[in-house]
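Geometric and topological summary
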Amino acid sequence: MAVLIDEPIWPAHGRLWGHLVSDTSLDELHAFAAAAGIPDRGFDHDHYDYPDERREALIAQGAVPVTGKELVARLTAAGLRVSQREKRGL
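Predicted model only: the values in this text are computed from it and were never measured.

Before going further, it helps to spend a moment on the layout of surface pockets. The calculated volume of the largest pocket comes to roughly 360 Å³. Along the walls of the largest pocket sit 17 residues, with Trp10, His19, Asp44, His47 and Asp49 positioned nearest its centre. Put simply, the parts of the chain that give the lining of the largest pocket at least two residues each are strand S2 (10-12), strand S3 (15-22), helix H3 (68-77) and helix H4 (84-87). Per-element accounting of the lining of the largest pocket gives the leading share, 4 residues, to H3. The residue makeup of the lining of the largest pocket, split by class, is 7 nonpolar, 5 polar and 5 charged. Taken as a whole, the second largest pocket spans an internal volume of roughly 160 Å³. Trp17, Gly37, Ile38, Pro39, Arg41, Gly42, Asp49, Tyr50, Pro51, Arg54 and Leu58 are the residues that line the second largest pocket. Ranked by residue count, the leading element in the lining of the second largest pocket is strand S4 (residues 48-51), at 3 residues. Of the residues assigned to the lining of the second largest pocket, the class counts are 6 nonpolar, 2 polar and 3 charged.

Moving on: the packing of aromatic side chains. Inspection of the entire model under this criterion finds 1 aromatic pair. Judged by centre distance (5.1 Å) and plane angle (55°), the rings of Phe43 and Tyr48 are tilted. Look at Phe43 and you get partly exposed, because its relative accessible area is 26%.

With that out of the way, let us pick up unusual backbone geometry. Unlike most non-glycine residues, His13 shows phi in positive territory, near 55°. Turning to its location among the elements, His13 is positioned in the loop between S2 and S3. Given a relative accessible area of 77%, His13 falls into the exposed group.

Moving on: the nonpolar core. Counting 12 residues, the largest nonpolar core is built from Val3, Ile5, Leu20, Leu29, Phe32, Ala33, Ala36, Ile38, Tyr48, Tyr50, Leu58 and Ala63. With 4 residues, helix H1 (residues 26-36) is the single largest residue contributor to this core. Residue contacts for Phe32: discarding those within four places in its chain leaves Val3, Leu20, Leu58, Gln61, Gly62 and Ala63. Ranked by size, the runner-up nonpolar core spans 7 residues in total, among them Ala2, Leu4, Leu75 and Leu80.

Analysis parameters
- Residues numbered from 1 in each chain as written.
- Predicted model: local features only at pLDDT ≥ 70, side-chain atom pairs only at ≥ 80, totals over all residues.
- Heavy atoms only, no water.
- 1 Å grid on protein atoms, 1.4 Å probe; cavity = no way out; pocket = protein on both sides within 12 Å on 5 of 7 lines; lining within 4 Å.
- Points joined across faces, edges and corners; volume = space filled by probe spheres on them.
- Helix = DSSP H or I, 4+ residues; strand = E, 2+ residues; numbered from the N terminus.
- Nonpolar A, V, L, I, M, F, W, Y, C, P; charged D, E, K, R; others polar.
- Phe/Tyr/Trp six-rings, centres within 6.5 Å; stacked < 30°, edge-to-face > 60°.
- Buried < 20%, exposed > 50% of the residue type's maximum accessible area, 1.4 Å probe, protein only.
- Core = buried A, V, L, I, M, F, W, Y, C linked by side-chain atoms within 4.5 Å.
- Contact = heavy atoms within 4.5 Å.

Laid out in C-alpha cells, this is it:
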C-alpha cells in the first residue's frame, strides 16, 4: 500500500503540477490528501493534482516518488485508473 507521487511536469496556471495517487484505494488517497491539506477540488477522478512547491512536503509525509510511467502502471494494476474517455463520459 502506497501513495505515489510523480514529478511535477504539467504546466497550468503559471506553475508546474504533478499527480498523487494510491496503488490501493481511493479511501487511502483521500485520507492522505486531507491530512496534507490538499483541497477536494484537486481531485480528478483517480488522482490529486499538486503544485510543484508541495512536492518535498508530500514526500516527507510519506508519498513515494515514482516516474509518471510507473505511477500510471501501478494505478492501472490496482484497478483505479480512469481513462480520459471515461472522464469525458463517453
